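Spelled out, the chains give:
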Amino acid sequence: LCLPPGASKGDIREKVWDYLEASGLAEFPRPVHHRIPNFKGSHQACCSIKELDAFNRASEIKVDPDKPLEGVRLAALQARKTLLVPTPRLRTGLFNKIVPPPGASKEILRICATSQGIKEYSVPVGLDGKARVDLVVVGSVAVSEKGWRIGKGEGYADMEYAMMVSMGAVQADTPVITIVHDCQVVDIAEELLGDHDLTVDYILTPTRTIKTNCKRPKPQGIIWNKVSYEMLGKIPILKTLRYREKQAGKDVTLQDEHSDLANADTPAALNKKAMAENTRPQAAVGSAQIGQHDVESDSLSPRLEGSGMITTVYVGNIPPSVRVSELKCALREFHATPLRLNWQGAQHRAFLDYKDKATAERAVSSLKGLSLGGNTLRVELAKNQRNKGQVEINSQK
């Protein structure tokens, strides 16, 4: 596959996708454009992983959920290895662990390796699940023999790897493998690579195994100034990692914050921007019995403001070790400071009052996926909403 000199990453992707479709090499799901493409011979390429020492030595393997990597997921399950698959678009965490039923037949293992099986036979692994990944398998749109890799352009594989570094799940020498068709192995100019781009150590195709001997260092962790508020809104687990790294004294300034600081925006404008994309309504579930005598009422804002319905957010699954000060600190960090906080530590929960439903929904969205003291908090609109007068009365107790 010949590429014009000076081709951009986008040009290379389009060329590869077009070629796979035009040459009849593309497989379901079609068209392969804007995906990690599946191709004829993908299963054969996947099977050759069994001959690699890196695979045979590994006990815990992270494999992307893309269709052309199905054969690797199956090989890992058949070899009784721990199989971790990133959650789709990282919406609910980082990994799901595939857990086949006891005594699973070959047929069940085959289902477990598919996207359907990932849904049916997996359990989420929390940030504190102490994952120790020995081998990483990623999909690619194009890759060079030197190990430079181009994904589909959304940055998820790079971000997953950076997050694994951040949580200590991979080491600098953890091997990275990609599975592609021979036509996807192309020359890629090194200047197209950024610090956040993941490189690969092995390339498996239907006809060969390429050891890249890539010397370029892999990402050392999350490069926060490449992360936007929008990405933080889409990937809840990023918020927890950012909060942790900030507590550890690292610079976690986001991409948008650089430009905002240059524009001398006020903190209020930054707060608005941080929450602007987080406006989808959440299901009104959870139970809110407010007004009990064990409630510690705490107004974090000098007065209740706005008119109409105060909206309450329920925060559950709070570990006994977490103190109210830690929750307050997290609320400030995520621009979700309520008008009033009702702390019910003995019941492992708290209730947050916001001036209206839209503000409460933004807070729910901002806090989704937040982990404190080793637990991922349960955050949702409280079921029993009260009017403003009741809040005033209850808060006097």
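It should be emphasised that the depicted structure is a prediction, and the values quoted were computed from it without experimental measurement.

**Overview of unusual backbone geometry**
In step 1: The amide bond that connects Phe28 to the next residue, Pro29, takes the cis arrangement and shows omega of 0°.
In step 2: Note on placement: Pro29 falls in the loop between α1 (9-22) and α2 (42-47).
In step 3: A cis amide bond links Arg30 to the next residue, Pro31, at an omega of -15°.
In step 4: The topology assignment puts Pro31 in the loop between α1 and α2.
In step 5: A positive phi angle, near 65°, is found at His34, a position not held by glycine.
In step 6: Counting through the fold element by element, His34 comes out in the loop between α1 and α2.
In step 7: The exposure class assigned to His34 is exposed, which follows from its relative accessible area of 56%.
In step 8: Backbone geometry places Arg80, a non-glycine residue, at a positive phi of 60°.
In step 9: Summarising the element assignment, Arg80 is placed in the loop between α4 (70-78) and β2 (82-86).

**Some details on the pattern of salt bridges**
In step 1: Inspection of the entire model under this criterion finds 13 salt bridges.
In step 2: The partner of Asp201 in a salt bridge is Lys218, with the nearest N and O atoms 3.0 Å apart. On the criterion of sequence distance, the pair formed by Asp201 in the loop between β8 (176-179) and β9 (202-204) and Lys218 in the loop between β10 (209-211) and α8 (229-234) is long-range, its members being 17 residues apart.
In step 3: A salt bridge links Lys357 to Glu361; the shortest N-O distance between them is 3.8 Å. Taken together, the residues span about one helical turn, with Lys357 and Glu361 both in helix α13 (residues 357-367) at a distance of 4 residues.

**Notes on the confidence of the model for the protein**
In step 1: With 83% of its residues at a pLDDT of at least 70, the protein reaches an overall mean of 83.
In step 2: Within the model, the stretch residues 263-307 combines pLDDT values under 50 with 97 contacts to residues more than four positions away or in other chains.
In step 3: The low-confidence segment residues 387-397, where pLDDT is below 50, has 18 contacts with residues more than four positions distant or belonging to other chains.

**Re the sheet that holds strand β4 (residues 122-125)**
In step 1: Overall, mixed pairing links the 8 strands, which are arranged β4-β3-β2-β1-β5-β8-β9-β10 in an open sheet. At either end of the open sheet lies a strand with only one pairing partner, and these are β4 and β10. For this sheet, the mean angle separating the axes of adjacent strands, direction not counted, is 25°.
In step 2: Inspection of the sheet shows strand β1 (residues 60-63) paired to β2 by 3 bridges, in the parallel sense. Bridging from a neighbouring strand, Ile61 pairs with Leu83 of β2.

**Regarding the packing of helix α7 (residues 156-166) against helix α9 (residues 236-247)**
In step 1: Look at α7 against α9: their axes get within 11 Å of each other, and the N-to-C directions meet at 40°. Viewed along their axes, α7 and α9 adopt a mutual orientation that is oblique. Every pair of crossing elements has a handedness; the one defined by α7 and α9 is left-handed. Between α7 and α9, the contacting residues are Met159, Met163 and Ser166 on the first element and Ile237, Leu238, Leu241 and Glu245 on the second.
In step 2: Each residue belonging to the contact of α7 with α9 can be placed in one class, and the counts come to 5 nonpolar, 1 polar and 1 charged.

**Description of the side chain of Lys9**
In step 1: Its place among the elements puts Lys9 in helix α1.
In step 2: In this structure the side chain of Lys9 is engaged in a polar contact, spanning 2.9 Å, whose partner is the side chain of Asp197.
In step 3: Sequence-distant contacts of Lys9, that is, excluding residues within four places in its chain, are made with Ile150, Leu192 and Asp197.

**A look at α9**
Since one α-helical turn is 3.6 residues long, residues separated by three or four positions face the same way.
In step 1: Here α9 contains 12 residues, and its C-alpha end-to-end distance of 17 Å stays within 8% of the 16 Å for a straight helix at 1.5 Å per residue.
In step 2: α9 sits mainly inside the fold: 9 of its 12 residues count as buried.
In step 3: Where α9 ends, the next residue or the one after it, Gly249, has phi of about 90°, a positive value.

**Considerations on the pairing of strand β12 (residues 311-316)**
In step 1: Of all the 6 residues making up β12, 6 are buried; the element is thus mostly covered by neighbouring parts of the structure.
In step 2: Along β12, one buried face is formed by Thr311, Val313 and Val315 and the opposite face, lined by Thr312, Tyr314 and Gly316, is buried too.
In step 3: The pairing of β12 with strand β14 (residues 349-354) spans 5 bridges and is antiparallel. Note that in β14 the partner of Tyr314 across the bridge is Phe351.
In step 4: Sheet analysis places β12 next to strand β17 (residues 378-381), joined by 4 bridges and oriented antiparallel. Residue pairing in the sheet places Val313 in a bridge with Leu381 of β17.

Conventions adopted
Residues numbered from 1 in each chain as written. Predicted model: local features only at pLDDT ≥ 70, side-chain atom pairs only at ≥ 80, totals over all residues. Heavy atoms only, no water. Helix = DSSP H or I, 4+ residues; strand = E, 2+ residues; numbered from the N terminus. Buried < 20%, exposed > 50% of the residue type's maximum accessible area, 1.4 Å probe, protein only. Salt bridge = Lys/Arg side-chain N within 4 Å of Asp/Glu carboxyl O. pLDDT = per-residue confidence, 0-100. Contact = heavy atoms within 4.5 Å. Pairing = 2+ DSSP bridges. Axes fitted to C-alpha atoms, helices over the stretch in contact; angles between N-to-C directions. Parallel < 35°, antiparallel > 145°, perpendicular 65-115°, else oblique. Left-handed = near helix turned anticlockwise from the far one by under 90°. Nonpolar A, V, L, I, M, F, W, Y, C, P; charged D, E, K, R; others polar. Polar contact = N/O pair within 3.5 Å; in protein donor to acceptor, adjacent residues only side chain to side chain. Expected span 1.5 Å × (residues − 1).

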